[in-house]
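# Tertiary structure, described
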Amino acid sequence: ITMVIGFVLIRINTFSLVNITQIAKNFARGNFARKAEIASSDEMGDLAKAINVMGVELQSRMQTILDDKDRLDAIMANMNDAVIATDLQERIMLINNAAKTMFDLSAVVLNRDYLWEQIRNEKLHNLVRETIKTQAVRTSEIEIPAPGRKLLQIHLSPLQVEKNSQGVLLVFHDI
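Parameters and conventions
Residues numbered from 1 in each chain as written. Predicted model: local features only at pLDDT ≥ 70, side-chain atom pairs only at ≥ 80, totals over all residues. Heavy atoms only, no water. Helix = DSSP H or I, 4+ residues; strand = E, 2+ residues; numbered from the N terminus. Rg over C-alpha atoms; globule rule 2.2 N^0.38 Å. Buried < 20%, exposed > 50% of the residue type's maximum accessible area, 1.4 Å probe, protein only. Areas by Shrake-Rupley, 256 points an atom, 1.4 Å probe, with all protein chains shown as cover. Lys, Arg positive; Asp, Glu negative; His and termini not counted. Charge placed at Lys NZ, Arg CZ, Asp CG, Glu CD. Pairing = 2+ DSSP bridges. Polar contact = N/O pair within 3.5 Å; in protein donor to acceptor, adjacent residues only side chain to side chain. Salt bridge = Lys/Arg side-chain N within 4 Å of Asp/Glu carboxyl O. Core = buried A, V, L, I, M, F, W, Y, C linked by side-chain atoms within 4.5 Å. Contact = heavy atoms within 4.5 Å.

The next thing to look at is the overall build of the protein. If you tally the helices and strands in the protein, you get five helices and five strands. Here the C-alpha radius of gyration of the protein, 26 Å, is well above what a compact globule of 175 residues would show, namely 16 Å. Based on the C-alpha atoms only, the size of the protein along its principal axes is roughly 90 × 30 × 25 Å. For the protein, buried positions account for 31% of its 175 residues. Put simply, the protein shows about 11500 Å² of open surface, and 57% of that area lies on carbon and sulfur atoms. Each charge sign in the protein was given a centre, from 20 positive and 21 negative side chains, and these centres are 4 Å apart.

Below, the structure written as structure tokens:
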């Protein structure tokens, strides 16, 4: 009888844990629709409430991130100046339409293509390397021969997240 009662109690608690685990896995996948429905007032009920609060908070933060990304995409798409961001290995992390047009770039694969592969300009690459090395803001001018000869003012800034260097932000202005 004790074993049967123990088995039933373990089964009830295990079912609740499996349910909460499944909900947490759904949250990790971005599915916040399902909520933990455990009405008990013990530790399991507290855990279910905490999971539900976490789901609401995660959903809110995810929406904020998506809204910020949409705003950034709209700003980048409508800028007249060309903007390119690279990582420390000079891979292109971000490029706007103005930069693609200015340098006649049709297919750039973000986080894979290198700046020096897409834009062949030794002075530009030296400026990027110096900015990465010194972590100092700099402004210079470069000339690009194609498409159509252009003189560009370039502003280079180190990209930093919480004082850790992440790459370089390049802003080009056709002068």
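Mapping glutamine 59 onto the fold places it in helix H2 (residues 43-77). Remark: the alpha-carbon pair of glutamine 59 and glycine 30, spanning 29 residues in sequence, is separated by 7.9 Å.

In the sheet, strand S1 (residues 82-87) pairs with strand S2 (residues 92-95) via three bridges, with the strands oriented antiparallel. Within S2, the residue paired with alanine 85 across the bridge is leucine 94. In this antiparallel pair of consecutive strands, S1 and S2, the connection spans four residues, and glutamate 90 shows a positive phi of 70 degrees.

Turning next to the pairing of strand S5 (residues 164-174). With six bridges connecting them, S1 and S5 associate as antiparallel partners. When the sheet's bridge partners are listed, alanine 82 is paired in S5 with phenylalanine 172. For strand S4 (residues 150-161) and S5, the ladder comprises 10 bridges, and the chain directions are antiparallel. Bridging across to S5, leucine 159 finds its partner in glycine 167. Taking the residues between adjacent antiparallel strands as the criterion, S4 and S5 are bridged by two residues, where glutamate 162 takes a positive phi near 50 degrees.

Before going further, it helps to spend a moment on the side chain of aspartate 87. Looking at the element boundaries, aspartate 87 is found in strand S1. Within the local environment of aspartate 87, its side chain forms a polar contact with the backbone nitrogen of glutamine 89, the two atoms lying 2.9 Å apart. For aspartate 87, the side chain forms a polar contact with the main-chain nitrogen of arginine 91, separated by 2.8 Å.

What follows covers unusual backbone geometry. A positive phi angle is found at aspartate 104, which is not glycine, with a value near 55 degrees. Position of aspartate 104 among the secondary structure elements: in the loop between helix H3 (97-102) and helix H4 (115-118). One non-glycine residue, glutamine 135, lies in positive phi territory at about 55 degrees. Using a relative accessible area of 25% as the deciding quantity, one classes glutamine 135 as partly exposed.

Moving on, we come to the pattern of salt bridges. In a structure, side chains of opposite charge can pair up when their charged atoms sit close to one another. A complete count under the given rule lists eight salt bridges for this structure. We note a salt bridge from arginine 129 to glutamate 90, for which the minimum N-O separation is 3.6 Å. Residue arginine 129 is found in helix H5 (residues 122-134), and its partner glutamate 90 is found in the loop between S1 and S2; the two are separated by 39 residues along the sequence. Using a relative accessible area of 8% as the deciding quantity, one classes glutamate 90 as buried. The structure contains a network of salt bridges with shared partners spanning Glu90, Glu122 and Arg129.

Turning our eyes to something else, we now look at the nonpolar core. Counting residues in hydrophobic clusters, the biggest one holds 23 residues, and the most contacted among them are Ile84, Phe103, Leu124, Leu170 and Phe172. Among the secondary structure elements, those contributing two or more residues to this core are S1, S2, H3, H5, strand S3 (138-144), S4 and S5. For this core, the element with the most residues is H5, which contributes four residues. Setting aside residues up to four positions removed in sequence, isoleucine 84 forms contacts with Ile92, Leu94, Ile95, Ala99, Phe103, Leu115, Ile119, Val168, Leu169, Leu170 and Phe172. One finds Ile20, Phe27, Ala36 and Ile51 within the second-largest nonpolar core, a separate group that totals nine residues.

Keep in mind these numbers describe shape, not what the thing actually does.
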